Amino acid sequence: MTNDLIQATAEHVQSLMQGEPTGHDWWHVYRVWQMAIRIGNATSADITVVQLGALLHDIADWKFHEGDITIGPRQARQWLESCQASREVIDHVCNIVTCVSFQGAGVPDTHITLESKVVQDADRLDAIGAIGIARTFAFGGARGREIYNPDISPRLHGSLRSYQANSSPTINHFHEKLLLLKDRMNTTYAHEIAVQRHQYMTDFIEQFHREWRGEL
Ligand code: ADP
Ligand code: NI
(Lines give C-alpha, C1' and ligand atoms only; values in the text may rest on other atoms or scores of the structure.)
(Ligands and ions follow the chains in the order given, each with its own letter.)
Protein backbone atom coordinates (compact mmCIF):
# COMPACT_ATOMS: atom_id res chain seq x y z
CA MET A 1 0.00 0.00 0.00
CA THR A 2 2.72 2.44 1.02
CA ASN A 3 4.86 1.84 -2.05
CA ASP A 4 1.80 2.05 -4.29
CA LEU A 5 0.90 5.41 -2.77
CA ILE A 6 4.41 6.76 -3.30
CA GLN A 7 4.50 5.48 -6.88
CA ALA A 8 1.07 6.91 -7.70
CA THR A 9 2.05 10.25 -6.13
CA ALA A 10 5.27 10.38 -8.16
CA GLU A 11 3.35 9.72 -11.37
CA HIS A 12 0.70 12.32 -10.50
CA VAL A 13 3.28 15.01 -9.72
CA GLN A 14 5.34 14.12 -12.79
CA SER A 15 2.33 14.61 -15.05
CA LEU A 16 1.55 17.99 -13.41
CA MET A 17 5.09 19.40 -13.41
CA GLN A 18 6.68 17.95 -16.54
CA GLY A 19 8.46 20.60 -18.65
CA GLU A 20 7.89 23.51 -16.24
CA PRO A 21 10.42 26.18 -17.36
CA THR A 22 11.44 28.02 -14.14
CA GLY A 23 13.34 25.29 -12.29
CA HIS A 24 10.21 24.04 -10.49
CA ASP A 25 9.81 21.14 -12.88
CA TRP A 26 9.45 17.41 -12.27
CA TRP A 27 13.25 16.93 -12.19
CA HIS A 28 13.52 19.43 -9.32
CA VAL A 29 10.95 17.36 -7.43
CA TYR A 30 12.73 14.14 -8.40
CA ARG A 31 16.09 15.45 -7.06
CA VAL A 32 14.45 16.67 -3.83
CA TRP A 33 12.75 13.28 -3.45
CA GLN A 34 16.04 11.37 -3.85
CA MET A 35 17.94 13.77 -1.58
CA ALA A 36 15.18 13.59 1.05
CA ILE A 37 15.55 9.80 1.09
CA ARG A 38 19.31 10.18 1.66
CA ILE A 39 18.86 12.70 4.48
CA GLY A 40 15.91 10.79 5.92
CA ASN A 41 17.92 7.58 6.06
CA ALA A 42 20.70 9.40 7.92
CA THR A 43 18.16 10.41 10.60
CA SER A 44 15.35 8.52 12.29
CA ALA A 45 12.69 10.16 10.11
CA ASP A 46 9.57 8.33 8.88
CA ILE A 47 10.68 7.67 5.31
CA THR A 48 7.16 7.30 3.88
CA VAL A 49 6.08 10.71 5.15
CA VAL A 50 9.40 12.20 3.99
CA GLN A 51 8.89 10.83 0.47
CA LEU A 52 5.30 12.04 0.20
CA GLY A 53 6.27 15.47 1.55
CA ALA A 54 9.15 15.76 -0.94
CA LEU A 55 6.99 14.65 -3.87
CA LEU A 56 4.17 17.07 -3.01
CA HIS A 57 6.20 20.02 -1.70
CA ASP A 58 5.88 22.16 -4.87
CA ILE A 59 2.55 20.78 -6.15
CA ALA A 60 1.14 24.33 -6.16
CA ASP A 61 3.74 26.91 -5.15
CA TRP A 62 2.58 30.34 -3.89
CA LYS A 63 5.13 31.92 -6.29
CA PHE A 64 2.88 30.84 -9.16
CA HIS A 65 -0.48 31.42 -7.46
CA GLU A 66 -0.56 35.12 -6.56
CA GLY A 67 1.27 34.53 -3.29
CA ASP A 68 -1.44 32.18 -1.93
CA ILE A 69 0.45 30.06 0.64
CA THR A 70 -2.58 27.83 1.32
CA ILE A 71 -2.89 26.39 -2.18
CA GLY A 72 -0.03 23.86 -1.91
CA PRO A 73 -1.27 22.13 1.26
CA ARG A 74 -4.86 22.21 -0.08
CA GLN A 75 -3.90 20.45 -3.32
CA ALA A 76 -1.70 17.96 -1.47
CA ARG A 77 -4.65 17.14 0.84
CA GLN A 78 -7.03 16.69 -2.10
CA TRP A 79 -4.64 14.27 -3.78
CA LEU A 80 -3.93 12.22 -0.65
CA GLU A 81 -7.64 12.06 0.24
CA SER A 82 -8.38 10.76 -3.25
CA CYS A 83 -5.84 7.99 -2.56
CA GLN A 84 -7.47 7.16 0.80
CA ALA A 85 -4.27 7.87 2.74
CA SER A 86 -4.68 7.85 6.53
CA ARG A 87 -5.72 11.03 8.32
CA GLU A 88 -2.45 11.03 10.24
CA VAL A 89 -0.29 10.82 7.10
CA ILE A 90 -2.36 13.48 5.31
CA ASP A 91 -2.06 15.97 8.19
CA HIS A 92 1.65 15.36 8.53
CA VAL A 93 2.41 15.70 4.80
CA CYS A 94 0.28 18.88 4.53
CA ASN A 95 2.18 20.37 7.44
CA ILE A 96 5.43 19.70 5.56
CA VAL A 97 4.09 21.38 2.40
CA THR A 98 3.05 24.40 4.50
CA CYS A 99 6.42 24.80 6.25
CA VAL A 100 8.85 24.08 3.41
CA SER A 101 9.12 27.43 1.63
CA PHE A 102 11.67 30.16 2.34
CA GLN A 103 9.74 33.29 3.34
CA GLY A 104 12.44 35.96 3.56
CA ALA A 105 15.83 36.42 5.24
CA GLY A 106 14.33 37.79 8.47
CA VAL A 107 11.46 35.28 8.72
CA PRO A 108 12.29 32.30 10.98
CA ASP A 109 11.53 28.74 9.83
CA THR A 110 8.77 26.94 11.71
CA HIS A 111 8.89 23.17 12.04
CA ILE A 112 6.88 20.76 14.07
CA THR A 113 8.55 17.54 12.96
CA LEU A 114 11.82 15.99 11.91
CA GLU A 115 10.26 14.93 8.59
CA SER A 116 9.49 18.56 7.78
CA LYS A 117 13.11 19.53 8.50
CA VAL A 118 14.38 16.75 6.23
CA VAL A 119 12.23 17.80 3.26
CA GLN A 120 13.15 21.45 3.72
CA ASP A 121 16.86 20.58 3.75
CA ALA A 122 16.49 18.54 0.54
CA ASP A 123 14.62 21.41 -1.16
CA ARG A 124 17.22 23.92 -0.01
CA LEU A 125 20.12 21.82 -1.26
CA ASP A 126 18.53 21.95 -4.72
CA ALA A 127 18.47 25.76 -4.48
CA ILE A 128 22.26 26.04 -4.06
CA GLY A 129 25.41 24.85 -5.86
CA ALA A 130 25.61 24.46 -9.66
CA ILE A 131 21.99 23.35 -9.96
CA GLY A 132 20.88 26.21 -7.73
CA ILE A 133 22.67 28.73 -9.96
CA ALA A 134 21.03 27.26 -13.09
CA ARG A 135 17.56 27.26 -11.49
CA THR A 136 17.90 30.81 -10.25
CA PHE A 137 18.73 32.26 -13.66
CA ALA A 138 15.96 30.17 -15.25
CA PHE A 139 13.49 31.63 -12.73
CA GLY A 140 14.82 35.19 -13.20
CA GLY A 141 14.60 34.90 -17.00
CA ALA A 142 11.06 33.51 -16.85
CA ARG A 143 10.06 36.46 -14.64
CA GLY A 144 11.73 39.00 -16.96
CA ARG A 145 14.31 40.01 -14.33
CA GLU A 146 17.64 41.66 -15.13
CA ILE A 147 20.70 39.47 -14.55
CA TYR A 148 22.45 42.16 -12.50
CA ASN A 149 22.07 45.89 -11.95
CA PRO A 150 24.74 47.53 -9.74
CA ASP A 151 22.30 50.37 -8.92
CA ILE A 152 19.89 47.99 -7.14
CA SER A 153 21.23 46.62 -3.84
CA PRO A 154 20.07 43.35 -2.25
CA ARG A 155 17.57 43.62 0.64
CA LEU A 156 17.12 41.24 3.53
CA HIS A 157 13.34 40.87 3.62
CA GLY A 158 11.77 40.99 7.07
CA SER A 159 8.38 39.65 6.01
CA LEU A 160 6.86 37.21 3.54
CA ARG A 161 4.93 40.09 1.97
CA SER A 162 8.04 42.12 1.11
CA TYR A 163 9.86 38.96 -0.06
CA GLN A 164 6.92 38.15 -2.36
CA ALA A 165 6.74 41.71 -3.72
CA ASN A 166 10.44 41.70 -4.61
CA SER A 167 11.41 41.93 -8.28
CA SER A 168 15.11 42.65 -8.01
CA PRO A 169 17.83 41.37 -10.40
CA THR A 170 18.73 37.70 -10.19
CA ILE A 171 22.20 38.23 -8.67
CA ASN A 172 20.48 39.87 -5.70
CA HIS A 173 18.65 36.62 -4.99
CA PHE A 174 21.97 35.05 -4.04
CA HIS A 175 22.35 37.60 -1.23
CA GLU A 176 18.67 37.65 -0.30
CA LYS A 177 18.31 33.87 -0.02
CA LEU A 178 20.80 31.44 -1.53
CA LEU A 179 23.93 32.41 0.42
CA LEU A 180 21.93 32.30 3.66
CA LEU A 181 20.80 28.70 3.26
CA LYS A 182 24.01 26.96 4.40
CA ASP A 183 23.52 28.25 7.94
CA ARG A 184 19.79 27.47 7.93
CA MET A 185 20.11 23.74 7.29
CA ASN A 186 18.27 21.67 9.89
CA THR A 187 20.35 18.48 9.77
CA THR A 188 24.09 17.88 10.04
CA TYR A 189 23.97 15.60 6.99
CA ALA A 190 22.54 18.37 4.77
CA HIS A 191 24.79 21.01 6.29
CA GLU A 192 27.87 19.08 5.19
CA ILE A 193 26.67 18.94 1.58
CA ALA A 194 25.61 22.60 1.77
CA VAL A 195 29.11 23.72 2.74
CA GLN A 196 30.53 22.42 -0.57
CA ARG A 197 27.68 23.80 -2.68
CA HIS A 198 27.94 27.17 -0.90
CA GLN A 199 31.64 27.42 -1.76
CA TYR A 200 30.85 26.78 -5.42
CA MET A 201 28.32 29.65 -5.39
CA THR A 202 30.65 32.12 -3.66
CA ASP A 203 33.34 31.29 -6.25
CA PHE A 204 30.79 31.93 -9.00
CA ILE A 205 29.69 35.28 -7.54
CA GLU A 206 33.29 36.38 -7.07
CA GLN A 207 34.19 35.48 -10.66
CA PHE A 208 31.02 37.23 -11.90
CA HIS A 209 32.00 40.51 -10.21
CA ARG A 210 35.63 40.26 -11.33
CA GLU A 211 34.53 39.88 -14.94
CA TRP A 212 32.03 42.72 -14.45
CA ARG A 213 34.79 45.02 -13.18
CA GLY A 214 37.01 44.04 -16.13
CA GLU A 215 39.63 42.36 -13.96
CA LEU A 216 39.71 39.13 -15.96
P1 ADP B 1 11.29 27.72 -1.80
O2 ADP B 1 10.03 27.01 -1.51
O3 ADP B 1 12.22 27.80 -0.62
O4 ADP B 1 11.05 29.06 -2.41
P5 ADP B 1 11.54 26.30 -4.29
O6 ADP B 1 11.87 24.86 -4.42
O7 ADP B 1 10.15 26.71 -4.55
O8 ADP B 1 12.02 26.80 -2.84
O9 ADP B 1 12.47 27.04 -5.30
C10 ADP B 1 12.92 28.31 -5.12
C11 ADP B 1 13.88 28.58 -6.25
O12 ADP B 1 13.26 29.41 -7.22
C13 ADP B 1 15.04 29.41 -5.76
O14 ADP B 1 16.02 28.65 -5.15
C15 ADP B 1 15.49 30.07 -7.03
O16 ADP B 1 16.21 29.18 -7.84
C17 ADP B 1 14.18 30.36 -7.66
N18 ADP B 1 13.74 31.69 -7.23
C19 ADP B 1 12.81 32.01 -6.33
N20 ADP B 1 12.70 33.36 -6.18
C21 ADP B 1 13.63 33.88 -7.02
C22 ADP B 1 14.05 35.21 -7.35
N23 ADP B 1 13.49 36.28 -6.78
N24 ADP B 1 15.03 35.35 -8.24
C25 ADP B 1 15.59 34.29 -8.84
N26 ADP B 1 15.26 33.01 -8.57
C27 ADP B 1 14.29 32.81 -7.67
NI1 NI C 1 11.11 23.06 -4.29
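Please refer to the structure placed before this passage.
One structure accompanies this document, and this report is about it. (Residues numbered from 1 in each chain as written. Chains lettered and ligands numbered in written order. Predicted model: local features only at pLDDT ≥ 70, side-chain atom pairs only at ≥ 80, totals over all residues. Heavy atoms only, no water.)

As for the site of ligand 1
At step 1: Neighbouring ligand 1 are 16 residues, the closest being His24, Lys63, Ser101, Asp123 and Arg145.
At step 2: Within the side chain of lysine 177, a nitrogen or oxygen atom sits 3.1 Å from an oxygen atom of ligand 1.
At step 3: Burial of ligand 1 by the protein chains amounts to 97% of its free accessible area of 560 Å².
At step 4: One can see that ligand 1 is located within the largest pocket.
At step 5: Sorting elements by how many residues they give to the shell around ligand 1 places helix H7 (residues 129-142) first, with three residues.
At step 6: Of the residues assigned to the shell around ligand 1, the class counts are four nonpolar, five polar and seven charged. (Near = heavy atom within 4 Å. Polar contact = N/O pair within 3.5 Å; in protein donor to acceptor, adjacent residues only side chain to side chain. Areas by Shrake-Rupley, 256 points an atom, 1.4 Å probe, with all protein chains shown as cover. 1 Å grid on protein atoms, 1.4 Å probe; cavity = no way out; pocket = protein on both sides within 12 Å on 5 of 7 lines; lining within 4 Å. Sits in = over half its atoms within 2 Å of the grid points. Helix = DSSP H or I, 4+ residues; strand = E, 2+ residues; numbered from the N terminus. Nonpolar A, V, L, I, M, F, W, Y, C, P; charged D, E, K, R; others polar.)

What to know about the coordination of the nickel ion (ligand 2)
At step 1: Taken together, His28 (NE2), His57 (NE2), Asp58 (OD) and Asp123 (OD) make up the protein donors of the nickel ion (ligand 2), found 2.1 to 2.2 Å from the metal.
At step 2: Mapping the donors of the nickel ion (ligand 2) onto the primary sequence yields the spacing H-x28-H-D-x64-D. Residue histidine 28 is located in helix H2 (residues 26-41), and its partner histidine 57 is located in the loop between helix H3 (47-56) and helix H4 (71-82); the two are separated by 29 residues in the primary sequence. In terms of burial, histidine 28 and histidine 57 fall into one category: buried. (Donors = N, O, S within 2.8 Å, 3.2 Å for Na, K, Ca; no water. Buried < 20%, exposed > 50% of the residue type's maximum accessible area, 1.4 Å probe, protein only.)

Regarding the nonpolar core
At step 1: The biggest cluster of nonpolar side chains holds 56 residues, and the ones touching the most others in it are Trp26, Leu56, Leu80, Val93, Leu125, Ile128 and Phe174.
At step 2: No other element matches the seven residues that H2 contributes to this core. (Core = buried A, V, L, I, M, F, W, Y, C linked by side-chain atoms within 4.5 Å.)

Description of the pattern of salt bridges
At step 1: Under the definition given, this model contains 11 salt bridges.
At step 2: With a shortest N-O distance of 3.0 Å, arginine 74 and aspartate 68 are connected by a salt bridge.
At step 3: Since its relative accessible area comes to 47%, arginine 74 is described here as partly exposed.
At step 4: Under the relative-accessibility criterion, aspartate 68 is labelled partly exposed at 26%.
At step 5: Among the ionic pairs, aspartate 109 bridges to arginine 184, the shortest N-O distance being 3.3 Å. Of the two residues, aspartate 109 is situated in the loop between helix H5 (87-99) and helix H6 (114-125) and arginine 184 in the loop between helix H9 (170-176) and helix H10 (188-212); the sequence distance between them amounts to 75 residues.
At step 6: Within the structure, one salt-bridge network assembled from shared partners comprises Arg31, Asp126 and Arg135. (Salt bridge = Lys/Arg side-chain N within 4 Å of Asp/Glu carboxyl O.)

Everything listed here is a matter of geometry and, on its own, says nothing about what the molecule does.
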